[in-house]
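Structural characterization, general
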Amino acid sequence: LLTAGRVGVMAGIQPEAALRALSQADAVGLSSPELDFWLGRALESDGQFEPAMVRFEQALARLPVELVELREAATLGVARCALGAGQISLALTTLESALGWFSGSTEILALMSKIYQAAHLPEKAIEVARQAVQGNSESVAGWGALRKALASSGDFEAARQALLEMSSRDPTSTAAWLELA
């Protein structure tokens, strides 16, 4: 059930079926931090941000420290759900404290940029997006965040340059090429 739900969430196909499989696994007592994480992802994809946050937080409390990537993904999940629930302060606090654990994480900095935009703090959004691309110039997420932050601030030429950088890192990105057109 856990595997079926995880695959369903990852594929984005029939999210209701994935959520149902993961909920059944939970109901029969297959408790694990991985189940909490994937239930969080399924609930998030279903727009159920509050229960998803609870599951991501449960996963973080139970995940071994050495599972760094999964811990980072759960942290990002908490922040995305907080943003989705309109809890901008919680989203920012979560990511700001996470930078201590995941120093220089491009994904965390890119999401922070998005949250600063939602908080109407364009300068901070640009600042953390620039940190993301300075820390990893190959990061599509970092360049995408910088493009959005610059466009939101009205600097369309710099946003176009960031979009060019993003599309050069991922030439298969149809979204980037459509925006350039």
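Below is a summary of the structure that appears in this document. It should be emphasised that the depicted structure is a prediction, and the values quoted were computed from it without experimental measurement. (Residues numbered from 1 in each chain as written. Predicted model: local features only at pLDDT ≥ 70, side-chain atom pairs only at ≥ 80, totals over all residues. Heavy atoms only, no water.)

Bringing the nonpolar core into the picture now. Across soluble globular proteins, nonpolar side chains show a tendency to be buried alongside one another. Counting residues in hydrophobic clusters, the biggest one holds 50 residues, and the most contacted among them are Phe37, Phe56, Leu95, Ile108, Met112, Ile115 and Leu146. With 8 residues, the top contributor of residues to this core is helix H5 (residues 68–84). When residues no more than four places from it in sequence are discounted, the contact partners of Leu95 are Thr75, Leu76, Ala79, Ile108, Leu111, Met112 and Ile115. (Core = buried A, V, L, I, M, F, W, Y, C linked by side-chain atoms within 4.5 Å. Buried < 20%, exposed > 50% of the residue type's maximum accessible area, 1.4 Å probe, protein only. Helix = DSSP H or I, 4+ residues; strand = E, 2+ residues; numbered from the N terminus. Contact = heavy atoms within 4.5 Å.)

Here we take up the packing of aromatic side chains. Counted by the stated rule, this structure contains 3 aromatic pairs. Aromatic ring contacts, followed pair by pair, group Phe37, Trp38 and Phe56 into a single cluster. (Phe/Tyr/Trp six-rings, centres within 6.5 Å; stacked < 30°, edge-to-face > 60°.)

The subject of this paragraph is the pattern of salt bridges. Following the criterion strictly, the structure yields 7 salt bridges and no others. The partner of Asp36 in a salt bridge is Arg62, and the shortest N-O contact between them spans 2.7 Å. One end of the pair, Asp36, is in helix H3 (residues 33–45); the other, Arg62, is in helix H4 (residues 49–62), with 26 residues separating them in the sequence. The buried category is assigned to Asp36, whose relative accessible area is 4%. Here Arg169 ties to Glu138 by a salt bridge, and the two come within 3.8 Å at their closest N and O atoms. Within this pair, whereas Arg169 is found in helix H10 (residues 156–169), its partner Glu138 is found in the loop between helix H8 (122–135) and helix H9 (140–153), the two being separated by 31 residues in sequence. Residue Arg169 is classed as partly exposed on the basis of its relative accessible area of 23%. (Salt bridge = Lys/Arg side-chain N within 4 Å of Asp/Glu carboxyl O.)

By secondary structure assignment, the location of Leu60 is in helix H4. The buried category is assigned to Leu60, whose relative accessible area is 19%. Separated by 24 residues in the primary sequence, Leu60 and Asp36 place their C-alpha atoms 8.9 Å from one another. Excluding its chain neighbours within four sequence positions, the residues that come into contact with Leu60 are Arg71, Ala74, Thr75 and Val78.

The next thing to look at is the packing of H9 against H10. Taken N-terminus to C-terminus, the directions of H9 and H10 make an angle of 165°; their axes are 8 Å apart at the nearest point. Of the possible angle classes, the one that applies to H9 and H10 is roughly antiparallel. Crossing handedness for the pair H9 and H10: left-handed. Between H9, through Val140, Trp143, Gly144, Leu146, Arg147, Leu150 and Ala151, and H10, the contact on the second element is made entirely by Phe156, Ala158, Ala159, Ala162, Leu163, Glu165, Met166 and Arg169. Taken together, the residues that form the contact of H9 with H10 break down as 11 nonpolar, 1 polar and 3 charged. (Axes fitted to C-alpha atoms, helices over the stretch in contact; angles between N-to-C directions. Parallel < 35°, antiparallel > 145°, perpendicular 65-115°, else oblique. Left-handed = near helix turned anticlockwise from the far one by under 90°. Nonpolar A, V, L, I, M, F, W, Y, C, P; charged D, E, K, R; others polar.)

This part covers the environment of Phe37. By the element assignment, Phe37 lies in helix H3. In this structure the C-alpha to C-alpha distance between Phe37 and Leu60, which are 23 residues apart in sequence, comes to 8.2 Å.

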